[in-house]
Amino acid sequence: MPANWPPDSPGPGAACSSIDRIRTIGDPPPHAAVDNPTTQRWYDPPFATGFTISLVGYTNAGKSTLFFALTQSEVYIADKLFATLDTTVRVLQPEARPRVLVSDTVGFIRNLPTKLVDAFKSTLEEALEASLILHVVDAADPACLRHMETTNAVLREIGAAEIPQIIVFNKADKLPDGQLPPGLAEKFPKHLLVSAREPADVARLHKAILEFFDQELTEAWLLVPYDRPQLRGQIFANAQVLGEEYDDAGTRFRVRIDKVALKQLAREVQVITGQKE
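Everything in this summary refers to the structure shown in the same document. (Residues numbered from 1 in each chain as written. Predicted model: local features only at pLDDT ≥ 70, side-chain atom pairs only at ≥ 80, totals over all residues. Heavy atoms only, no water.)

Per the secondary structure count, the protein chain includes 8 helices and 12 strands. Residues counted as buried form 48% of the 277 residues belonging to the protein chain. Here the analysis covers contacts within the protein chain between residues at least 6 apart in sequence; of these, 64% occur between residues at least 24 apart. Summing over all exposed atoms, the protein chain offers an accessible surface of approximately 14400 Å²; the carbon and sulfur share of this is 51%. (Helix = DSSP H or I, 4+ residues; strand = E, 2+ residues; numbered from the N terminus. Buried < 20%, exposed > 50% of the residue type's maximum accessible area, 1.4 Å probe, protein only. Contact = heavy atoms within 4.5 Å. Areas by Shrake-Rupley, 256 points an atom, 1.4 Å probe, with all protein chains shown as cover.)

Written out as structure tokens, the structure is:
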């Protein structure tokens, strides 16, 4: 176990819903050094399959509150610029199959101070790896359109403009009658209007996320020999298991699975794409 692994935490191979490692400010930073009064986090993913989401948006849009609601975990929340300059990664809850990782990035601002540019951009590396971006917007802020333009400009600059987005207008509880200002809904017809503090709204967003990723899944049959029972756990961890049958060759699993996971499992099991032989 690494010397800097947090006390009383599970080892690198342990299964747990939070996969982040914690370091304090006194430890050597992984990238540009920036004064930061909070605990900083980074992660070493124990698996290479599944989907990833990055929450991005202008500062104080409520990203961290929404992150907490989606992952049911603690995260530092403050109503100020740069509450943290490191990315936190957790598992979407209730947990889905395939597993979905959620990352919370630093809040964006206009006219970023020069001395913070490199550190700011280094925290956005997670967005480049994302399968989906949740663009979180403070719907109650009169300047929200300008904030969205700033956020999208930064995404273009780092090469993340082509990653699919769901526009999430947050803080619906602060809007008159809970409705978006005139013209905003028409400009972004596929948006979601939520309050990160309302469980029913978070559940709607969770459903939208799973529906988006469901389009990326393919159906297949996996044949696992009886002498390799350990593969059963990998299949259930990385796929939706729709059925299970037994014959002389082994156990056949009917699954819905993403292409990356299917390719990896193909090294271990016989894959029969589309239908059973």
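Once that is clear, we can look at the nonpolar core. One finds Ile53 and Leu134 to be the most contacted residues of the largest nonpolar core, which totals 27 residues. Listed by contribution, the elements that provide at least two residues to this core are strand 3 (51-56), helix 1 (63-71), strand 5 (100-104), strand 6 (132-138), strand 7 (165-170) and helix 6 (199-214). It is helix 6 that contributes the most residues to this core, 6 residues altogether. When near neighbours in sequence (up to four residues on either side) are disregarded, isoleucine 53 contacts Val100, Leu101, Val102, Ser103, Ala130, Leu132, Leu134, Ile209 and Phe213. Among the nonpolar cores identified, the runner-up in size contains 13 residues, and Ile235, Ala239, Phe253 and Ala261 belong to it. (Core = buried A, V, L, I, M, F, W, Y, C linked by side-chain atoms within 4.5 Å.)

It is worth spelling out the pattern of salt bridges at this point. The final tally for this structure, using the stated rule, is 10 salt bridges. Taking the shortest distance from any N to any O, the salt bridge between glutamate 95 and arginine 99 comes out at 2.7 Å. Linking arginine 228 and glutamate 268 is a salt bridge whose minimum nitrogen-to-oxygen distance equals 2.8 Å. Of this pair, arginine 228 sits in the loop between strand 9 (217-224) and helix 7 (231-238) while glutamate 268 sits in the loop between helix 8 (259-265) and strand 12 (270-273), placing them 40 residues apart in sequence. You can call arginine 228 partly exposed: its relative accessible area is 26%. Taking the relative accessible area as the measure of exposure, glutamate 268 reaches 33% and is therefore partly exposed. Linked by salt bridges that have partners in common, Glu95, Arg97 and Arg99 make up one network. (Salt bridge = Lys/Arg side-chain N within 4 Å of Asp/Glu carboxyl O.)

In this section: the sheet that holds strand 3. Hydrogen bonding along the main chain pairs the strands of a sheet, whether they run parallel or antiparallel. Spatially, the 6 strands line up as an open sheet ordered 4-5-3-6-7-8, and their pairing is mixed. A single partner strand is all that each edge strand has here, and the edge strands are strand 4 (88-91) and strand 8 (192-193). Sheet topology places strand 6 next to strand 7; 6 bridges connect them, and they run parallel. When the sheet's bridge partners are listed, isoleucine 133 is paired in strand 7 with glutamine 165. (Pairing = 2+ DSSP bridges.)

Judged by how many residues are buried, helix 1 sits mostly within the fold: 8 of 9 residues are covered. For helix 1, the set of buried residues is Lys63, Ser64, Thr65, Leu66, Phe67, Ala69, Leu70 and Thr71. Those residues of helix 1 hidden inside the fold are in contact with strand 3, strand 4, strand 5, strand 6, strand 7 and helix 6. In the stretch just after helix 1, glutamine 72 is the one whose phi turns positive, near 55 degrees.

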